[in-house]
Amino acid sequence: MGEGRGEGTVVTPSAEFPPLTPAELDALRRIGAQWRTAPGRPGRSRELPVDPTLGRYRGRPTPSRFGRLTPIEMFRANAAGGEPPGKAAAGGKRSEENEPEELVATEPATLPGSRLGRGLARLRRAVFGPPLRSSAVLYERMRKLVALPVLSSDLLSSVAYGPEAMLSVLVLAGGGALGLSLPLAALLVVLMVAVGVSYRQTIPAYPHGAGSYVVACDNLRPVAGLAAAAGLIVDYVLTVSVSIAAGVNAVTSALPGLTRFTVPLGILVIALLLAGNLRGVRTAGNIFAIPTYAFVLALVAVLGAGFVQAAGRGFAPLPPPPVPAVEGLGLLLVLRAFASGAVSMTGIEAVSNAVPAFRPTEWRNARTTLSFMVGMLVALFAGIVVLIHLNGVVPAPGQTVLSQLARHSFPTGPWYALVQAATALILLLAANTAYNGFPRLLFFMARAGHAPRRFLHLGDRLAFSAGLVVLSVTAAVVFVAFGGHTQSLIPLYAVGVFLAFTLSQAGMVVHWRRRRGAGWRHRLAVNALGATLSGLVLLTAASAKFTEGAWVVVVAVPLLVLLLHRVQVHYRRLNRALALRPPGVPPAAGPAPDDRAPGPSEGQESPQQVRHLVIVPVARLNLASLRALAYAASLGQPTLAVHLAPEEREADRFREQWEAWGDHVRLETVVSPYRAVIGPLAHYLEALHASRPDLVFTVIVPEVVLRRSWYRPLHSQAEQRLRRALRRLPGVVVTSVPVHLPG
């Protein structure tokens, strides 16, 4: 997976459709050769009763009574884009001089056919914006000026609660233990720099993004990559929950009357973040950039005013208020405080995960952005911890430490309110970092088969809509479960993110040992230091905070790894079963014992291999069943009609009606004395298939189509139930012949 810095991004709409391998292309050619030798194939006319290129179409279509999609116009454009639609060859023929022409759907073609569906689509576009063309993916990138605040919002906002989390543990040992905040902050600064430099090296080595997951998969074992991915998934979910909780806490600190609305406010903010990100990467970046810059300026103002006040008294620390000790000062408490303060680093990996979101040259712009992020983090974190020490601030219920610092720096005037507003905004919007990283992580995991392929899909606005929705719903559930309390969520926070840090840096150590090259020893030493320090924080957080809630993450990560592994096992079996191979060559490896092996009727790849039996279930002789029988007979294949009767008398009566019709198709009646229909019919077809597994059973079901959905309860929906029952049978094709009911 280590692609190197010279290659471009793989995040494109075409990622859902991976190309065939050379072996599969060779197998495809050999299968095609069998098609050319199939009976009746040579010389068969390729003429169609319609013009599929729509080239002969001149008049505006008239909508049919049932169809509403007919008036939608399509246009042609050749592959090279050199000839406009109006100058295409007449008659719909393809031009031999130019590239093959293709139909391109217009934007109205994407609208649903029903009136309700079109109304909902228009509402969605009014909220999220009009859909973007696939070619616009190259322009949905962020410049550094926008990427810096968007991707650093989580990292920079964590300084609003990281120092407080560290002090909240130290204060348990009394006011005297608060002096340890300075040496602990110094160690955390070393850790920030080491991890930041390590990720600077990861970005050019793995410019396609998904840093920790890809690095661990590529250099360690796949299970290590899954563990890193699980840690990042937990980290991103908790990033949203903790950021929203801290932001709401900042709001309620300034407006205590809103405390009882903590949970509804948090859910509202998550919904707004989802809506903003569904509008696309570039639009979301422009929306959420300003609050980050405002927060940085607010913190610089608080630090500047605070240090000016401290300089006026000769930088003499103010004594903190007396705080009684409730725990003894020991190594375990110090380690807990260090692990709590380490949450200030969450989000440092965001740039390496979102490299493709930058404008070219992606890796160089991403690395520059990361350098600025780490520099700002170190300056703000160190400045806040020192100012807390100088002002003698201790954590207090009902008011955050940053709020107390703002009151010290700006005791009068509107500046305190502005600082609190900026803090609340950045904390609420810090979750936007997770909205950039989480969907991209799932994209790369889905590309490797570790996550559902749905996460490869780009939505209307070229955003990973499925990943955004999953993140929002999961984070909202966690936020509600913990009642929006920041201190209850932070113990869960450090384990997942530092697991990803540790595995990523350990993977880079292996990477440099394998690749070598100029300066590899220096790079290896930097990554080894980052891995060691991150591992120490991981072990400390997992052990010291285990009983405080970290056990949830310790249990969740292995369960996630197991789930992701099972997803990959499923896709591996699917790919093995569906892979193209030369005729007569069996699959490379058989399915697992619990899988149903494909039967002979599901291994047919050329027309001469297919042996048909058409089966038409007939409940009663009416227009719908006669049309299904006529359609079946027109295929020119052996046809069998099946009728299920509740008793012998009804079976005899139906056979009389059948003979009156003319007995044109072989009829088999099955008596179902318990009056069930779907089950006996499915078992009967299964028994037939067991007697001739080489046959393909095409079951043609007559289906009445209703124009009004509220009429559906008046019908049994037997067609749908039969389709569901037969879907599990191998070698059975189910199709329907619709009869549209007027009115």
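Residues numbered from 1 in each chain as written. Predicted model: local features only at pLDDT ≥ 70, side-chain atom pairs only at ≥ 80, totals over all residues. Heavy atoms only, no water.

Asks: Help me understand the overall build of the chain, please; the structure alone is not making it clear to me.
Replies: Check the secondary structure of the chain and you find 23 helices and seven strands. Taking the contacts inside the chain whose residues are at least 6 apart along the sequence as the reference set, 78% of them involve residues at least 24 apart. Accessible surface, the chain: about 35,900 Å² in total, of which carbon and sulfur atoms supply 62%. (Helix = DSSP H or I, 4+ residues; strand = E, 2+ residues; numbered from the N terminus. Contact = heavy atoms within 4.5 Å. Areas by Shrake-Rupley, 256 points an atom, 1.4 Å probe, with all protein chains shown as cover.)

Asks: Would you mind going over the sheet that holds strand S6 (residues 695-705) with me for this structure?
Replies: Pairing between the strands of a sheet is mediated by backbone hydrogen bonds and can be parallel or antiparallel. A sheet is described by the order of its strands in space; here five strands give the open sequence S5-S4-S3-S6-S7, paired in parallel fashion. Every other strand in the sheet has two partners, leaving strand S5 (666-671) and strand S7 (732-740) as the edge strands with one partner each. Here the average twist between neighbouring strands, direction ignored, is 25 degrees. Summarising the sheet, strand S3 (residues 611-617) and strand S4 (residues 639-645) pair through four bridges and their orientation is parallel. Each bridged residue has a counterpart across the sheet, and for Pro617 the counterpart in S4 is Val642. (Pairing = 2+ DSSP bridges. Axes fitted to C-alpha atoms, helices over the stretch in contact; angles between N-to-C directions.)

Asks: Help me out: how do you make sense of the pattern of salt bridges in this one?
Replies: A side chain of one charge can pair with a side chain of the opposite charge if their charged atoms are brought near each other. Scanning the model with the defined rule gives five salt bridges in all. Here Glu668 ties to Arg666 by a salt bridge, and the two come within 3.6 Å at their closest N and O atoms. Of the charged contacts in the structure, one is a salt bridge between Arg692 and Asp694, with a shortest N-O distance of 2.8 Å. Judged by relative accessible area, which is 29%, Asp694 ranks as partly exposed. (Salt bridge = Lys/Arg side-chain N within 4 Å of Asp/Glu carboxyl O. Buried < 20%, exposed > 50% of the residue type's maximum accessible area, 1.4 Å probe, protein only.)

Asks: Would you mind going over the confidence of the model for the chain with me for this structure?
Replies: Low pLDDT means the predicted atomic positions in that stretch should not be read closely. Taken as a whole, the chain shows an average pLDDT of 79; of its residues, 83% reach a score of 70 or greater. Ranking the elements of the chain by mean pLDDT puts strand S1 (residues 74-78) last, at 47, and helix H16 (residues 465-481) first, at 91. Contacts from residues 76-100, a stretch scored under 50 in pLDDT, to residues over four places away or in other chains number 39 contacts. Counting interchain partners and residues more than four positions distant, the pLDDT-below-50 stretch residues 590-596 has nine contacts. (pLDDT = per-residue confidence, 0-100.)

Asks: Explain the packing of aromatic side chains here, please?
Replies: In this description, a pair of aromatic rings is defined by centroid distance and the angle of the planes. Scanning the entire structure with this criterion turns up eight aromatic pairs. Geometrically, the ring pair formed by Tyr236 and Phe438 is edge-to-face, given 6.4 Å between the ring centres and 90 degrees between the ring planes. Of the two residues, Tyr236 sits in helix H7 (residues 222-254) while Phe438 sits in helix H15 (residues 432-447), which places them 202 residues apart along the sequence. Every member of this aromatic cluster is reached through a ring pair, and the members are Tyr199, Phe498 and Phe501. Taking NZ or CZ as reference, Arg407 lies 3.9 Å from the ring centre of Tyr416, over its face. Note that Arg523 overlies the ring of Trp512, its terminal NZ or CZ placed 5.4 Å from the centroid. (Phe/Tyr/Trp six-rings, centres within 6.5 Å; stacked < 30°, edge-to-face > 60°. Lys NZ or Arg CZ within 6 Å of the ring centre and 35° of its normal.)

Asks: Is there a simple way to explain the side chain of Ser158 in this structure?
Replies: Mapped onto the elements of the fold, Ser158 is located in the loop between helix H3 (144-157) and helix H4 (162-170). A polar side-chain atom of Ser158 sits 2.6 Å from the main-chain carbonyl oxygen of Ser344. When residues no more than four places from it in sequence are discounted, the contact partners of Ser158 are Pro163, Val343, Ser344, Met345 and Thr346. (Polar contact = N/O pair within 3.5 Å; in protein donor to acceptor, adjacent residues only side chain to side chain.)

Asks: For this particular structure, what's the right way to read unusual backbone geometry?
Replies: Residues apart from glycine generally show negative phi values, whereas peptide bonds are mostly found in trans. In this structure, Thr361 follows Pro360 across a cis peptide bond, with omega equal to -5 degrees. For Thr361, the location among the structural elements is in the loop between helix H11 (350-353) and helix H12 (362-391). Unlike most non-glycine residues, Phe315 shows phi in positive territory, near 55 degrees. As for its position among the elements, Phe315 is in the loop between helix H9 (281-312) and helix H10 (331-341).

Asks: When you look at the pairing of S4 in this model, what are you seeing that I'm missing?
Replies: Within a regular beta strand, the side chains point alternately toward one face of the sheet and then the other, so they alternate between its two faces. For S4, the buried fraction is high: seven of the seven residues fall into the buried class. The alternating pattern of S4 places Thr639, Ala641, His643 and Ala645 on one face and Leu640, Val642 and Leu644 on the opposite face, and all of these are buried. Viewed along the sheet, the connection from S3 through helix H20 (residues 623-634) into S4 turns out right-handed. Relative to S5, S4 runs parallel, the two sharing six bridges. Paired with His643 across the strands is Thr669, a residue of S5. In terms of handedness, the path from S4 via helix H21 (residues 648-661) over to S5 forms a crossover that is right-handed. (Right-handed = clockwise from strand over helix to strand, strands pointing away.)

Asks: In this structure, what is going on with the side chain of Ser152? I would like to understand it.
Replies: Tracing the backbone shows Ser152 in helix H3. You can call Ser152 buried: its relative accessible area is 1%. Apart from residues no more than four positions distant in its own chain, Ser152 is found in contact with Ala147, Ser157, Thr292, Met373 and Thr433.

Asks: I keep staring at the environment of Arg655 and nothing clicks. Help me out?
Replies: Within the element layout of this structure, Arg655 appears in helix H21. Residues Arg655 and Thr669, 14 residues apart in the sequence, show an inter-C-alpha distance of 8.1 Å. Beyond its immediate chain neighbours, meaning those up to four positions away, Arg655 contacts Leu667 and Thr669. A distance of 2.4 Å separates the side chain of Arg655 from the side chain of Asp652, its partner in a polar contact.

Asks: Help me understand the packing of helix H8 (residues 262-278) against H16, please; the structure alone is not making it clear to me.
Replies: When two helices pack together, their arrangement is given by the angle between the helix axes and the distance between those axes. Packing of H8 against H16 brings their axes to within 10 Å, and their N-to-C directions diverge by 170 degrees. With respect to H16, the axis of H8 lies roughly antiparallel. Residues Thr262, Val263, Gly266, Ile267, Ile270, Leu274, Asn277 and Leu278 of H8 lie in contact with H16, whose contacting residues are Ser465, Leu468, Val469, Ser472, Ala475, Ala476, Phe479 and Val480. Here the residues of the contact of H8 with H16 sort into eleven nonpolar, five polar and no charged. (Parallel < 35°, antiparallel > 145°, perpendicular 65-115°, else oblique. Nonpolar A, V, L, I, M, F, W, Y, C, P; charged D, E, K, R; others polar.)

Asks: How should I be thinking about the packing of H15 against H16 in this particular structure?
Replies: In contact at an axis separation of 8 Å, H15 and H16 are set at 120 degrees when each is read in the N-to-C sense. Taken together, the axis directions place H15 and H16 in an arrangement best described as oblique. The way H15 lies across H16 gives a crossing that is right-handed. Where H15 approaches H16, its residues Ala434, Tyr435, Phe438, Pro439 and Leu442 are matched on the opposing element by Gly467, Leu468, Val470, Leu471 and Ser472. Class assignment of the residues belonging to the contact of H15 with H16 gives a composition of eight nonpolar, two polar and no charged. (Left-handed = near helix turned anticlockwise from the far one by under 90°.)

Asks: Help me understand the environment of Gln609, please; the structure alone is not making it clear to me.
Replies: Tracing the sequence through the fold places Gln609 in the loop between helix H19 (546-578) and S3. For Gln609, a relative accessible area of 35% puts it in the partly exposed group. With 85 residues separating them in the primary sequence, Gln609 and Asp694 have C-alpha atoms 9.1 Å apart.

Asks: Looking at this model, I keep getting lost on the environment of Thr262. Mind explaining?
Replies: Take Thr262: it is sitting in helix H8. Looking at Thr262, the relative accessible area reads 14%, which means it is buried. As for Thr262 and Gly484, which are separated by 222 residues in sequence, their C-alpha atoms are 6.5 Å apart. The contacts of Thr262, once residues within four sequence positions are left out, are Val248, Thr252, Phe479, Gly483 and Gly484.

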